[in-house]
Every structure is written in structure tokens, then in C-alpha cells.
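Here's the letter readout for the chains.
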Amino acid sequence: MTSKFTELAIDCADPHGLARFWCSVLDYEVQDEGDGIVTIGSPVVPEGKNRLGPVPPTLTFAPVPEGKTAKNRFHIDVNPTDREQDEEVRRLLDLGARYADVGQGDVSWVVLADPEGNEFCVLAGRRP
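Residues numbered from 1 in each chain as written. Predicted model: local features only at pLDDT ≥ 70, side-chain atom pairs only at ≥ 80, totals over all residues. Heavy atoms only, no water.

1. Describing the layout of surface pockets
Considering only enclosed or pocket space, the largest pocket measures out at about 650 Å³ in volume. Around the largest pocket, the lining is made up of 26 residues, and of these L26, Y28, D77, V78 and N79 lie nearest the centre. Mapped by element, the contributors of at least two residues to the lining of the largest pocket are α1 (15-26), β5 (76-78) and α2 (85-95). Per element, the largest residue contribution to the lining of the largest pocket is three residues, and it comes from β5. (1 Å grid on protein atoms, 1.4 Å probe; cavity = no way out; pocket = protein on both sides within 12 Å on 5 of 7 lines; lining within 4 Å. Points joined across faces, edges and corners; volume = space filled by probe spheres on them. Helix = DSSP H or I, 4+ residues; strand = E, 2+ residues; numbered from the N terminus.)

Structure (C-alpha cells):
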């Protein structure tokens, strides 16, 4: 028996605001809210972790009092599905992302940060 990746928990200052941002990025929807915690996930697979086999992971945003202080130890990579990388980067910047420099140098991906400073990458290849 193995485990499957079903959820990524993200500590943040504003769970509702960060959930809105990531819903717009990933075309996810809010699946659960309570006690300040917000969980978002794919509307295509709403049963999520209760479904057999691989599923798109949910993101759960939980409030914490301390702010982000260092580069993330791991991060989300996103792939544009219906546009080229530069168009997707512009869309994400319009949503509130900003460019981030983590020492990546000359690479094919673009490093951005979400509204709370969590780095993520926009990959060059389109994947439907």
C-alpha cells in the first residue's frame, strides 16, 4: 500500500485572501471554511481525497501569527494550459503575484511570489 498526495497545508496571515488568489490561479473553488481555515480544490474532482487513485491536491490555508521569513523549502509549480508562459505570467501578475528572485539565474521557468510572498514557478511548457 502507498500514500497519495491529497492536500498541501499553507500557513498564512490572510487565509481567505490567499485562497481567493490561488482559486484564480488554479481555477479551484472553496470546498470548506471554518475556524479561519479555508480549503480549496478542483471542481472537477470534488470528492478529492476520498476518491481512489491520484487526485488534484487541495490547498488548505491556515492562519498563523508570524510572517514568512525565508525562501520556501518547497514550492508549487504551475503549467499554463491555454496560453503561453509570458501570457500566464502577465495574468498572474494582474492577480497580485510579483516577480521573485531566489537566485535562479537564466532558466526556462519564471519565479513569482503570491500575495504573501510564497514563491512558485510558472513553467514554460503548456500542459492541458
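Don't stop here, the text continues.
2. Observations concerning the pairing of strand β8 (residues 119-122)
Neither face of β8 is exposed, since E119 and C121 on one face and F120 and V122 on the opposite face are all buried. Across three bridges, β5 lies against β8 in parallel orientation. Its bridge partner being in β8, I76 is matched across the sheet by F120. With four bridges connecting them, strand β7 (residues 110-113) and β8 associate as antiparallel partners. Each bridged residue has a counterpart across the sheet, and for A113 the counterpart in β8 is E119. The loop that links β7 with its antiparallel partner β8 comprises five residues; one of these, G117, has a positive phi angle of about 90 degrees. (Buried < 20%, exposed > 50% of the residue type's maximum accessible area, 1.4 Å probe, protein only. Pairing = 2+ DSSP bridges.)

3. Observations regarding the nonpolar core
Core analysis: the largest hydrophobic core is formed by 23 residues, its most contacted members being W22, I40, L59, F61, L112, F120 and V122. Contributions of two or more residues to this core are made by β1 (7-12), α1, β3 (37-41), β4 (58-63), β5, α2, β7 and β8. Among the elements that make up this core, the one with the highest residue count is α1 (six residues). Here L112 is in contact with V89, L92, L93, A97, R98, Y99, A100, N118, E119, F120 and V122, once residues within four sequence places are set aside. (Core = buried A, V, L, I, M, F, W, Y, C linked by side-chain atoms within 4.5 Å. Contact = heavy atoms within 4.5 Å.)

4. Some thoughts on the side chain of N72
Assignment of secondary structure puts N72 in the loop between β4 and β5. Here N72 is in contact with N118 and E119, once residues within four sequence places are set aside.

5. Examining the pattern of salt bridges
Throughout the structure, instances matching the rule amount to five salt bridges. Among the salt bridges present, the one from E119 reaches K68, with a minimum N-O distance of 3.2 Å. With E119 in strand β8 and K68 in the loop between β4 and β5, this pair connects stretches of sequence that are 51 residues apart. The exposure class assigned to K68 is partly exposed, which follows from its relative accessible area of 36%. Across the salt bridge formed by D86 and R90, the nearest N and O atoms sit 3.9 Å from each other. Placement of both D86 and R90 in helix α2 is noted, with a separation of four residues, approximately one turn of the helix. For D86, a relative accessible area of 44% translates into the label partly exposed. (Salt bridge = Lys/Arg side-chain N within 4 Å of Asp/Glu carboxyl O.)

6. What to know about the packing of aromatic side chains
Counted by the stated rule, this structure contains three aromatic pairs. For the pair F21 and F120, a centre-to-centre distance of 6.3 Å together with 65 degrees between the ring planes defines the contact as edge-to-face. Taken together, the residues F21 in helix α1 and F120 in strand β8 connect sequence positions 99 residues apart. The class of F21 is buried, set by a relative accessible area of 4%. Taking relative accessible area as the criterion, F120 reaches 0% and is therefore assigned buried. (Phe/Tyr/Trp six-rings, centres within 6.5 Å; stacked < 30°, edge-to-face > 60°.)

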